[in-house]
Amino acid sequence: MEVKYLKDWETEMNTCIRCAYCFEGCPMFKEKGWESDTPRGKVVLAYGLFTGQLEPSDYIAEKILECTFCRDCIQRCSANISVPDILTAARADLVEAGFKYDSHVNLLNKVESSGNIFGKELKAPPHPGKTPVLLGCRFLERSDDAKRYVEILTKLGMEPMTVEDEVCCGMPPGVLGYKDKTNKQKALFRERFPYNEFICMCTTCVFFIRKSYTDLNPTYIIEEIYKRLPEANPRQLGLTVTYHDPCNVGRGMDMVKEPRKILKMIGCDYVEMETFGKEAECCGGGGGVLVTDRELSEKLARKRYRQALDTGAKILVTLCPTCELNLANMAKEDGNKIEVKNLLDLIWEALR
Amino acid sequence: MDLSSLRGIVGEDNVRDNVAELYVYGADASVHQGLPGLVVKPHSIEQVSQIMAYANSQKIPVIARGAGSGMSGHAVPMDTKSIILDMKAMNRILEIKPDDMYCRVEAGVVDDDLNRALKPYGITYPPSPASSRIATIGGEIANNASGLRSVKYGATREYVLGMRLVLANGDIIKLGAKTRVEAAGYQIHRLIVGSEGTLGIVVEATLKCVPIPKYRCLSVATFDQLEKAGDTIGAIIASGAEPSMLELMDDIAIKAVNKTLNMDLPEVEALIFFEADGKVKEAVDHEINSMRLIVEQHGGTVTATSYDLKERTKIFGGRKKLFAALSRYKDGWACTSLADDMAVPYTQMAATARKIHQIADKYGLIMTAYGHCGSGVMHTKILMDPSKKESWDAAKKAVDEIYDFVDEVGGITSGEHGIALSKAPSWKKTHGDMLPVMTKIKFALDPNNILNPGKLQDAPDDWLTATKIRYQML
Ligand SMILES: Cc1cc2nc3c(=O)[nH]c(=O)nc-3n(C[C@H](O)[C@H](O)[C@H](O)COP(=O)(O)OP(=O)(O)OC[C@H]3O[C@@H](n4cnc5c(N)ncnc54)[C@H](O)[C@@H]3O)c2cc1C
Ligand code: SF4
Ligand code: SF4
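All values derive from a computational prediction rather than experimental measurement.

Quick notes on the rules
- In every chain, residue numbers begin from 1 and rise along the written sequence.
- Chain A is the first chain written and ligand 1 is the first ligand written, with later ones labelled in order.
- Per-residue local features are limited, in this predicted model, to residues with pLDDT of at least 70; the limit for side-chain atom pairs, both in listing and counting, is 80 or more; totals at the level of whole chains, interfaces and linings are taken over all residues.
- Processing note: side-chain calculations cover all non-hydrogen atoms of the structure and skip hydrogens and water entirely.
- Going along the chain from the N terminus, every DSSP run of H or I of four or more residues is numbered as a helix, and every run of E of two or more is numbered as a strand.
- Expected helix span is computed as 1.5 Å times (number of residues minus one).
- Throughout, exposure labels follow a simple rule: accessible area from a 1.4 Å probe, protein chains only, divided by the maximum for the residue type, with under 20% read as buried, over 50% as exposed, and the rest as partly exposed.
- Where each domain begins and ends is defined by an automated method or by a domain database.
- When checking whether two residues touch, look at their non-hydrogen atoms; a contact exists if any pair is within 4.5 Å.
- Buried area is calculated as the accessible area (1.4 Å probe) missing from two parts once they are joined, with the contributions of both summed.
- Basic side-chain nitrogens of Lys or Arg form a salt bridge, by our definition, when they fall within 4 Å of a carboxyl oxygen of Asp or Glu.
- Residues are counted as near a molecule or strand when any one of their heavy atoms sits within 4 Å of it.
- Note that Gly is not counted as nonpolar here; it falls among the polar residues with everything else outside the nonpolar set of Ala, Val, Leu, Ile, Met, Phe, Trp, Tyr, Cys and Pro and the charged set of Asp, Glu, Lys and Arg.
- Two N or O atoms count as a polar contact when they lie within 3.5 Å, although within protein this holds only if one can serve as hydrogen donor and the other as acceptor, and sequence-adjacent residues are included solely when both atoms are side-chain atoms.
- The Shrake-Rupley method, run with a 1.4 Å probe sphere, supplies the accessible areas, and residue values consider only the shown protein chains as cover.
- Pairing between strands requires that DSSP locate at least two bridges from one strand to the other.
- As a rule, the C-alpha atoms of each element are fitted with a line to give its axis, helices using only the stretch in contact, and angles between N-to-C directions run from 0 to 180 degrees.
- With the strands aimed away from the viewer, a crossover counts as right-handed if its path from the first strand over the helix to the second runs clockwise.
- The aromatic pairing rule takes the rings of Phe, Tyr and Trp, using the six-membered ring of Trp, and pairs them if the centres are within 6.5 Å, calling planes under 30 degrees apart stacked, those over 60 edge-to-face and the rest tilted.
- The rule for a charge over a ring is simple: NZ of Lys or CZ of Arg within 6 Å of the ring centre, and within 35 degrees of the ring normal.

## Describing helix H13 (residues 349-362) of chain B
All names here are of chain B.
Reasoning step 1: The end-to-end C-alpha distance of H13 is 20 Å, a good match for the 20 Å that 14 residues give at a rise of 1.5 Å each.
Reasoning step 2: Within H13, the full set of buried residues consists of Met349, Ala350, Thr352, Ala353, Ile356, His357, Ile359 and Ala360.
Reasoning step 3: Backbone geometry just after H13 places Gly364 at a positive phi near 70°.

Take a look at the structure:
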């Protein structure tokens, strides 16, 4: 197999001392239990592909795709290896070698035909203003919610401006390893959303954009809210909730205290789950796993949902729309014993 | 190999023979890479027993495997027919007896998980290696692991009161006792500790526990000369002081941490971390003060002391992050587990560190010396460009010369990581008279030589060609 992309990661793969420290918190390993389910195992597989000691196979592709990019391994690593980056390169090489899967191709066709992951014609709710706001596909589809979330910024003294024709930022093809499609989508995104500085509503988009567009400087909506909320004198909601740290927020952007402080600002008490903050378990929705293997993704979500339920809180708050969806599905399956809400909803309640 | 027999024992889902999976199980934290024939995951003692009986009848090698964190190729198979026995699913804590100060666990229990479970009872299982977050009790027993605090708490062997062992032929035997002392026979369980999976499969262990100390105080001291630090270590131990940790870091280790992690450790020739712990604060104060005095008498300067956990974590931060620092010390160079571990008498610590530096310079390698010097343990790593054949040839010579020196000064090839493959040639060279006895013991317990064959006394004489090397050489 030609290894166009993994080649760039040779040094990193050699830097891995294969210590296994990354086993400790990996949700895939906890769920499946074989060493190919561990971060180290996946890096060893990538190295095998790189050196040609392993021939690519569906088995390897499956293992390389079974990673939620939760970044738990990075924080535990002896050598600061970014396993998700190595796996992204391995995915790209596997795609070029012809390991393409229907679920991925269908999703990417939707992105290509409609500009969003739903394959539907979706427009951002119009809102004239000065500061561009990127909604991201998932909030684009929840247009009523998105309208309210944009209004939060107005209430905080900003002049947010939506861009009706915004399209997908390129995260799905990027994460799944479709390099050409990623580049094409990124170019289209730049054309439709021609701003370098903007506010981004979606956790996953902001994280992807910061990592893969060198010239863009998005602000995550929560950063802006965190700064401005104290001045806005929000209403005290008097709720008790539990908070799920989305991987990209807690581990990815190092924002553990901000969402919690916001909860306090709006008069909410929070009860922590068994794992929280940087140690929070992943909901199973990231890294494309929700598309690759929904059942597996839901198994992880179910575990996280159980942790939330065990706190006794009646409301489970989070930020990432994919976490929200995955956890809400679990709550629904369990008779809605807990209500899953986006923190933005609570903020809106406190400001309206 | 008859796959259906094994599937019949452990169930379809607990057997893997996909080559990619096998390749992953052919690696550990060493420089070696092998390829087994099968991975099997038992969930009970009976399953282990049946697997062994089957493997013995077919003369198929079996390698027990915990986390695969061994640094010398312990769990790397030498034969492509080998069965890897992944013990990680046997991870139940069976008994915690705080009043009798012991616990009983399955072999796949992870050390930190055990200590988390013991904590509410106010007790701990103390030999914990640095890898305790992932290392299994079975792997620790097989390697006689020890850790930062071995100077006070000792190594695994001192804590294994008894065990259940599956022999090569599948027989299940009970060894040892649940009491602190015993004088009943050969104490075979103590022989199993450190046997690196070559004499039997540990399936269950009864482990001695100790109370969690209430107070812990850590200090760090700088030395402008490595030799002064070396003398201090010996003097502390000889004084009868009871450190719970006594750790050395040389100038290369200090530079590595400062350079790669932007830390600001003082760039002196050596740092010594010394710690005391206990139930009574005055007693801990006394220990720390007596060690401080010795440090100062030997020309060291104590730069920080704290009881506070946060502070202690900060003081120890540089040592804790040493692995990360070494692995990124030089672009394109890898941090390899070679000559990673040895133990020398206290008076030889400084000379050994100096010798390591000299040998590294001679061969164009980078090596540092650090370790649990309170127990005589010295660690290092060989940093080199792994893509060049010459680097490996140089590393081989360096490993030889280092261990020759260690032997000359009365030291031993491994203090805590074990021998397996990459340390075997040096160890065999210096411990030749022990080998025939070991071979007889091995034959008595494993006549078909199926338990982790090709390791320890049976390891090849050249570690570089013993298996494939994990790195791609040009
Ligand atoms: C970063 C790092 C730091 C480390 N720090 C330390 C340290 O401070 N101190 C220390 O002592 N070691 C240390 N080690 C080495 C290693 O972690 C220990 O030797 C550990 O005990 C190995 O446990 P494991 O579960 O990974 O065993 P494995 O590596 O899987 O196996 C090790 C050996 O044990 C045998 N084995 C495993 N399970 C069983 C069983 N149930 N029955 C019989 N044999 C079995 C295997 O066949 C093999 O020979 C470190 C390693 C790394 C990578
Ligand atoms: S990113 Fe998360 S799921 Fe992926 S290998 Fe690392 S710990 Fe496992
Ligand atoms: S923790 Fe880091 S260095 Fe260790 S095996 Fe995992 S990826 Fe490699």
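## Some thoughts on the domain arrangement of chain A
Residue and element names in this part refer to chain A.
Reasoning step 1: Segmentation of chain A into domains returns domain 1 (6-96), domain 2 (131-226) and domain 3 (234-351).
Reasoning step 2: Computed from C-alpha atoms alone, the centre-to-centre distance between domain 1 and domain 3 is 27 Å.
Reasoning step 3: Taken together, the contacts link 16 residues of domain 1 with 17 residues of domain 3.
Reasoning step 4: Broken down residue by residue, the surface that domain 1 buries against domain 3 is led by Glu31, Thr68 and Gln75, which jointly contribute 34%.
Reasoning step 5: On inspection of domain 1 and its partner domain 3, the count reaches 4 salt bridges.

## What about the site of ligand 3?
Reasoning step 1: Near ligand 3 the following residues occur: Cys16, Ile17, Arg18, Cys19, Ala20, Tyr21, Cys22, Arg40, Cys77, Ser78, Ile81 and Val83 of chain A.
Reasoning step 2: Classifying every residue of the shell around ligand 3 by side-chain character gives 9 nonpolar, 1 polar and 2 charged.

## Comments concerning the site of ligand 1
Reasoning step 1: Among the 36 residues in the neighbourhood of ligand 1, the closest are listed as Ala64, Gly66, Ser69, Ser131 and Ser146 of chain B.
Reasoning step 2: Residue neighbours of ligand 1 fall on chains A and B, so the site bridges chains.
Reasoning step 3: Taking His74 of chain B, its main chain carries an N or O atom lying 3.4 Å from an oxygen atom of ligand 1.
Reasoning step 4: With respect to ligand 1, the side chain of Ser131 of chain B contributes an N or O atom lying 2.6 Å from an oxygen atom.
Reasoning step 5: Protein chains bury 99% of the 960 Å² of accessible surface belonging to ligand 1 in isolation.
Reasoning step 6: Counting residues per element, the ones that place at least two in the shell around ligand 1 are strand E4 (62-65), helix H5 (137-143) and strand E11 (201-208) of chain B.
Reasoning step 7: A per-element tally of the shell around ligand 1 places H5 of chain B first, with 5 residues.

## What to know about the interface of chain A and chain B
Reasoning step 1: Taken together, the contact between chain A and chain B spans 38 residues of the former and 41 residues of the latter.
Reasoning step 2: Both sides of the chain A and chain B interface together cover about 3,300 Å² of buried area, and 53% of this is carbon and sulfur.
Reasoning step 3: Where chain A meets chain B, there are 3 salt bridges.
Reasoning step 4: For the salt bridge of Arg328 of chain B with Glu12 of chain A, the shortest nitrogen-to-oxygen distance reads 2.4 Å.
Reasoning step 5: In this structure, the connection of chain A to chain B is made through 19 residue pairs in polar contact (both at pLDDT 80 or more).
Reasoning step 6: Of all the secondary-structure elements, those providing two or more residues to the side of chain A that touches chain B are helix H1 (10-15), helix H2 (27-32), helix H3 (39-51) and helix H4 (58-65) of chain A.
Reasoning step 7: Here the side of chain A that touches chain B gets 8 residues from one element, more than from any other, and that element is H3 of chain A.
Reasoning step 8: Its residues assigned to classes, the side of chain A that touches chain B comprises 18 nonpolar, 11 polar and 9 charged.

## So, the domain arrangement of chain B
Residue and element names in this part refer to chain B.
Reasoning step 1: Parsing chain B into structural domains produces domain 1 (93-211) and domain 2 (215-308 + 316-325).
Reasoning step 2: If you average the C-alpha positions of domain 1 and of domain 2, the two centres end up 29 Å apart.
Reasoning step 3: Buried area between domain 1 and domain 2, summed over both chains or domains, comes out near 770 Å², and the portion from carbon and sulfur atoms is 52%.
Reasoning step 4: Of all residues in domain 1, Leu148, Arg149 and Lys152 give up the largest surface area on contact with domain 2, accounting jointly for 68% of the area buried on that side.
Reasoning step 5: The shortest N-O distance in the salt bridge between Lys152 and Asp277 comes to 2.6 Å.
Reasoning step 6: At the junction of domain 1 with domain 2, the criterion picks out 3 residue pairs in polar contact (both at pLDDT 80 or more).

## A closer look at the sheet that holds strand E2 (residues 160-162) of chain A
Residues and elements named next belong to chain A.
Reasoning step 1: If you walk across this open sheet you meet the 4 strands as E2-E1-E3-E4, and the pairing is parallel. A strand with exactly one partner marks an edge of an open sheet, and here the two such strands are E2 and strand E4 (217-220). Neighbour-to-neighbour, the strand axes of this sheet turn through a mean angle of 40°, independent of strand direction.
Reasoning step 2: Here 4 bridges tie strand E3 (residues 197-200) to E4, and the two strands are oriented parallel to one another. The partner of Ile199 across the bridge, within E4, is Thr219.
Reasoning step 3: Sitting on the sheet, helix H9 (residues 143-155) touches strand E1 (131-134), E2 and E3, and the angle it makes with E2 is about 155°.
Reasoning step 4: Taken strand by strand, helix H12 (residues 203-212) contacts E1, E3 and E4, and its axis lies near 150° from that of E4.

## Some thoughts on the sheet that holds strand E17 (residues 334-336) of chain B
Residues and elements named next belong to chain B.
Reasoning step 1: With antiparallel pairing, 3 strands are arranged side by side in an open sheet as E17-E22-E19. Single-partner strands in this sheet number two, and they are E17 and strand E19 (366-367).
Reasoning step 2: For E19 and strand E22 (residues 382-384), the ladder comprises 2 bridges, and the chain directions are antiparallel. Its bridge partner being in E22, Met367 is matched across the sheet by Ile382.

## Some words on the environment of Cys137 of chain A
Reasoning step 1: Following the sequence through the fold, Cys137 of chain A ends up in helix H8 (residues 137-141).
Reasoning step 2: Between the C-alpha atom of Cys137 of chain A and that of Phe118 of chain A, which follows or precedes it by 19 residues, the distance is 7.8 Å.

## Quick look at the pairing of E4 of chain A
Reasoning step 1: Residue alternation in E4 of chain A divides its side chains into a buried set, Pro218 and Tyr220 of chain A, and an unburied set, Asn217 and Thr219 of chain A.
Reasoning step 2: Handedness of the β-α-β unit built from E3 of chain A, H12 of chain A and E4 of chain A comes out right-handed.

## With respect to unusual backbone geometry
All names here are of chain B.
Reasoning step 1: Non-glycine residue Met101 carries a positive phi angle of around 60°.
Reasoning step 2: Assignment of secondary structure puts Met101 in the loop between strand E6 (93-97) and strand E7 (102-106).
Reasoning step 3: The phi dihedral of Ala420 falls on the positive side, at around 45°, and the residue is not glycine.
Reasoning step 4: As for its position among the elements, Ala420 is in the loop between helix H14 (389-408) and helix H15 (424-430).

## Quick word on the pairing of strand E5 (residues 83-86) of chain B
All names here are of chain B.
Reasoning step 1: Judged by which residues are buried, E5 turns out to be covered on both faces: Ile83 and Leu85 on one side and Ile84 and Asp86 on the other are all buried.
Reasoning step 2: Where strand E3 (residues 38-40) meets E5, 3 bridges bridge the pair, whose relative direction is parallel. Within E5, the residue paired with Val40 across the bridge is Leu85.

## What about the packing of aromatic side chains?
Reasoning step 1: On inspection of all chains with the given rule, the structure shows 14 aromatic pairs over all chains.
Reasoning step 2: An angle of 90° between the planes, with centres 5.5 Å apart, marks the rings of Phe139 of chain A and Tyr149 of chain A as edge-to-face. Taken as a pair, Phe139 of chain A in helix H8 and Tyr149 of chain A in helix H9 lie far apart in primary sequence, 10 residues in all.
Reasoning step 3: Overall, the relative accessible area of 0% leaves Phe139 of chain A in the buried class.
Reasoning step 4: Ring centres 4.9 Å apart and planes at 80° place the aromatic pair Phe193 of chain A and Phe198 of chain A in the edge-to-face group.
Reasoning step 5: An aromatic cluster is present here, built from Phe189, Phe193, Tyr195, Phe198, Phe208 and Tyr213 of chain A joined pairwise through their rings.
Reasoning step 6: In this structure, Lys179 of chain A packs its charged tip against the face of Tyr5 of chain A, placed 5.0 Å from the ring centre.
Reasoning step 7: Directly above the ring of Tyr159 of chain B sits Lys208 of chain B, whose terminal nitrogen or CZ lies 5.1 Å from the centroid.

## Thoughts on the pattern of salt bridges
All names here are of chain A.
Reasoning step 1: Throughout the structure, instances matching the rule amount to 68 salt bridges over all chains.
Reasoning step 2: Glu324 is paired through a salt bridge with Arg142; the nearest N and O atoms lie 2.9 Å apart. On the criterion of sequence distance, the pair formed by Glu324 in helix H18 (residues 321-333) and Arg142 in the loop between H8 and H9 is long-range, its members being 182 residues apart.
Reasoning step 3: Between Glu223 and Arg210 there is a salt bridge, with the nearest N and O atoms lying 2.9 Å from each other. Here Arg210 lies in helix H12 and Glu223 lies in helix H13 (residues 221-228), a separation of 13 residues in the sequence.
Reasoning step 4: Exposure remark for Glu223: the relative accessible area of 27% places this residue in the partly exposed category.
Reasoning step 5: One network of salt bridges, with partners in common, ties together Glu24, Asp72, Arg76, Arg251 and Glu279.

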